[in-house]
Amino acid sequence: MSTELSIKRRFLNLRTFISFALGLAFILFLLLRLDVDMRATYERIRSAHPLLYLLAFVVYYASFPLRAWRWHLLLENAGERQLPSAWRLTPIMLINWSANTVVYARLGDAYRAYLLREESGASFTRAVGTVVAERMMDLAVVVGLMMVALTGAWRGGAGALPFLGIGLLALLGLFLLLMARLGPWLAQKLPARLSHILASFRQGVLGSFRRLPLIALLSVAIWLLETGRFFLVAAALDLQVSPMLLLFTAQAIALLVALPLTPGGIGIVEPGVAGILMLVLSREEAWSVAILDRTISYLSLIAVGLVILLLREVLRLRAASRAREENR
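The residue numbering used here restarts from 1 in each chain and proceeds along that chain's sequence as written. A pLDDT threshold of at least 70 governs which residues receive local features in this predicted model, and a stricter bar of 80 or more applies before side-chain atom pairs are shown or counted, although totals over entire chains, interfaces and linings include all residues. Side-chain numbers come from the whole structure's heavy atoms, not from hydrogens or water.

(A) Inspection of the packing of aromatic side chains at higher detail. In this scheme Phe, Tyr and Trp rings, the latter by its six-membered ring, pair at centre separations within 6.5 Å, and the angle between planes marks the pair as stacked below 30 degrees, edge-to-face above 60, and tilted otherwise. By the definition in use, this model includes seven aromatic pairs. With a centroid separation of 6.0 Å and 15° between ring planes, the pair formed by Tyr-111 and Tyr-114 is classed as stacked. Here Tyr-114 and Tyr-111 lie together in helix α6 (residues 107-120), a separation of three residues that amounts to about one turn. A 1.4 Å probe rolled over the protein chains alone gives each residue an accessible area, and that area as a share of the maximum for its type sets the label: buried under 20%, exposed over 50%, partly exposed in between. According to the relative accessible area criterion, Tyr-111 is buried, its value standing at 2%. Helix numbers and strand numbers start at the N terminus; a helix is a DSSP run of H or I with at least 4 residues, a strand a run of E with at least 2.

Written out as structure tokens, the structure is:
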């Protein structure tokens with residue numbers, strides 16, 4: 001399918017490497033511009049407590065089975081049956097996140113829906129609709145946690161990020177309302193094929209909002225694990241920072257990653273995180289947190305996703321070989 005080919009090309013696409021290079025160049029430019037002591041930053045990262053860093057890694061990846069379970073529930077809500085188990089959806093979820101670190105416009109989300117269709121025959125457009133609903137739920141939790149941070153002991157230096165989060169949430173809410181109100185009318189005006197696609201997508205989005213208590217609980221648990229990763233990275237570096245500031249910064253990472261400006265937010269997240277933390281930490285301390293955290297939430301995702309894709313390809317080739325032998 002074209003979606004699969006498009007994603008595979010972009011993993012090793014020249015533009016992908018250019019985006020990495022530009023993102024890293026921008027980070028280096030900021031480090032030099034801000035007169036950050038590179039040696040001191042490197043030494044601080046090297047001194048990180050290995051067990052706490054490993055725990056941060058485990059906590060982060062523990063969120064993916066929960067994400068897969070939640071997506072399974074959303075797909076069931078939208079009317080999909082004969083689904084793979086949540087455990088089997090977990091590698092697909094990891095591929096989605098890995099793809100988003102290397103391709104523009106979060107095309108990994110569409111690739112996730114394609115892989116589900118390949119795995120179970122589920123509707124591609126309906127699956128995309130559930131992903132959109134999932135992103136709305138994530139944003140609601142992130143904005144909520146950010147508001148909690150702002151009502152706590154730390155209130156200064158929030159900047160425009162809370163307004164950005166609220167604005168995005170309002171836009172998505174308006175989209176949901178328009179989908180509910182105007183969807184049927186618009187479907188009548190479109191050609192039959194487009195009308196079917198719209199109806200399937202609409203069912204995926206609107207149908208996902210059932211069993212909300214359980215889904216909301218899973219969403220909060222997922223983002224607490226994401227936040228826990230950031231707390232553990234700060235602890236690994238032995239930095240004394242207000243928990244409310246760490247809570248706010250962890251949600252700021254989610255908002256910055258959600259902006260489809262660069263793959264995985266490279267070149268945007270790092271200075272954003274460091275800029276917030278420099279309110280209370282030295283430049284070197286702030287950048288050490290930003291960089292060390294991204295080794296988990298960015299660099300490791302690329303490696304994990306590529307390994308899973310390779311394993312899937314090996315298993316697919318083996319299955320095809322067995323099928324050919326049985327047909328002889």
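Still to come is the rest of the account.
(B) Just the pattern of salt bridges, in detail. A pairing counts as a salt bridge when a side-chain nitrogen of Lys or Arg comes within 4 Å of a carboxyl oxygen of Asp or Glu. Under the definition given, this model contains 17 salt bridges. Between Arg-88 and Glu-119 there is a salt bridge, and its shortest N-O distance comes to 2.4 Å. Of this pair, Arg-88 sits in helix α5 (residues 86-100) while Glu-119 sits in helix α6, placing them 31 residues apart in sequence. Classification of Arg-88 by relative accessible area gives partly exposed; the value is 46%.

(C) Structural view of the nonpolar core. Buried Ala, Val, Leu, Ile, Met, Phe, Trp, Tyr and Cys residues form a nonpolar core when they are joined through side-chain atoms within 4.5 Å. Phe-64, Trp-71, Leu-116, Phe-230 and Leu-277 are the most contacted members of the largest nonpolar core, which totals 75 residues. The dominant element in this core, judged by the number of residues it contributes, is helix α7 (residues 124-151), at eleven residues. Sequence-distant contacts of Trp-71, defined by excluding residues within four places in its chain, comprise Leu-89, Ile-92, Met-93, Arg-112, Leu-116, Ala-127, Thr-130, Val-131 and Glu-134. In terms of nonpolar packing, the next biggest core, distinct from the first, is built from six residues, Met-136, Ala-187, Leu-198 and Phe-201 among them. Two residues qualify as a contact provided that any one of their heavy atoms is within 4.5 Å of a heavy atom in the partner residue.

(D) Quick peek at the environment of Arg-70. For Arg-70, the position within the fold is in helix α4 (residues 50-77). Since its relative accessible area comes to 0%, Arg-70 is described here as buried. As for Arg-70 and Glu-134, which are separated by 64 residues in sequence, their C-alpha atoms are 8.5 Å apart. If sequence neighbours within four positions are ignored, Arg-70 has contacts with Glu-134, Met-137, Asp-138, Ile-215, Leu-218, Ser-219 and Ile-222. One polar contact links Arg-70 to Ser-219, side chain to side chain, over a distance of 2.9 Å. The definition of a polar contact used here is a pair of N or O atoms within 3.5 Å, where within protein one atom must be able to donate a hydrogen and the other to accept one, and adjacent residues in sequence count solely through side-chain atom pairs.

(E) Quick peek at the side chain of Arg-294. Here Arg-294 shows up in helix α13 (residues 283-327). Here Arg-294 is in contact with Val-257, Gly-264, Gly-265, Ile-266, Val-269, Glu-270 and Leu-299, once residues within four sequence places are set aside.

(F) Representation of the packing of helix α10 (residues 212-236) against helix α11 (residues 243-258) within the structure. Where α10 contacts α11, the axes come no closer than 9 Å and their chain directions differ by 120°. Viewed along their axes, α10 and α11 adopt a mutual orientation that is oblique. The crossing of α10 and α11 is right-handed. Here Trp-223, Thr-227, Arg-229, Phe-230, Phe-231 and Ala-234 of α10 lie close against α11, whose contacting residues are Pro-243, Leu-246, Leu-247, Thr-249, Ala-250, Gln-251, Ile-253 and Ala-254. Polar here means any residue other than Ala, Val, Leu, Ile, Met, Phe, Trp, Tyr, Cys and Pro, which are nonpolar, and Asp, Glu, Lys and Arg, which are charged; Gly is therefore polar. Taken together, the residues of the contact of α10 with α11 sort by class into ten nonpolar, three polar and one charged. Inter-axis angles, ranging from 0 to 180 degrees, are taken between N-to-C directions of lines fitted to C-alpha atoms, where helices are fitted over the stretch in contact. An angle below 35 degrees is treated as roughly parallel, one above 145 as roughly antiparallel, one from 65 to 115 as roughly perpendicular, and anything else as oblique. What makes a crossing left-handed is the near helix being turned counterclockwise from the far one by less than a right angle; a clockwise turn instead makes it right-handed.

(G) The arrangement of α4 in detail. Expected span of a helix: the number of residues minus one, times 1.5 Å. When the terminal C-alpha atoms of α4 are compared, their 42 Å separation across 28 residues agrees well with the 40 Å that a helix rising 1.5 Å per residue should span. A positive backbone phi angle near 100° is found at Gly-79, which sits one or two residues after α4.

(H) Structural context of the packing of α4 against α13. Closest axis-to-axis distance for the α4/α13 pair is 11 Å, and the angle between their directions is 55°. Judged by the angle between their axes, α4 and α13 are oblique. Viewed along their axes, α4 and α13 form a crossing whose handedness is right-handed. In contact with Tyr-53, Ala-56, Phe-57, Tyr-60, Tyr-61 and Phe-64 of α4, α13 contributes Leu-292, Thr-295, Ile-296, Ser-297, Ser-300, Leu-301 and Val-304. For the contact of α4 with α13, the class distribution of residues is ten nonpolar, three polar and no charged.

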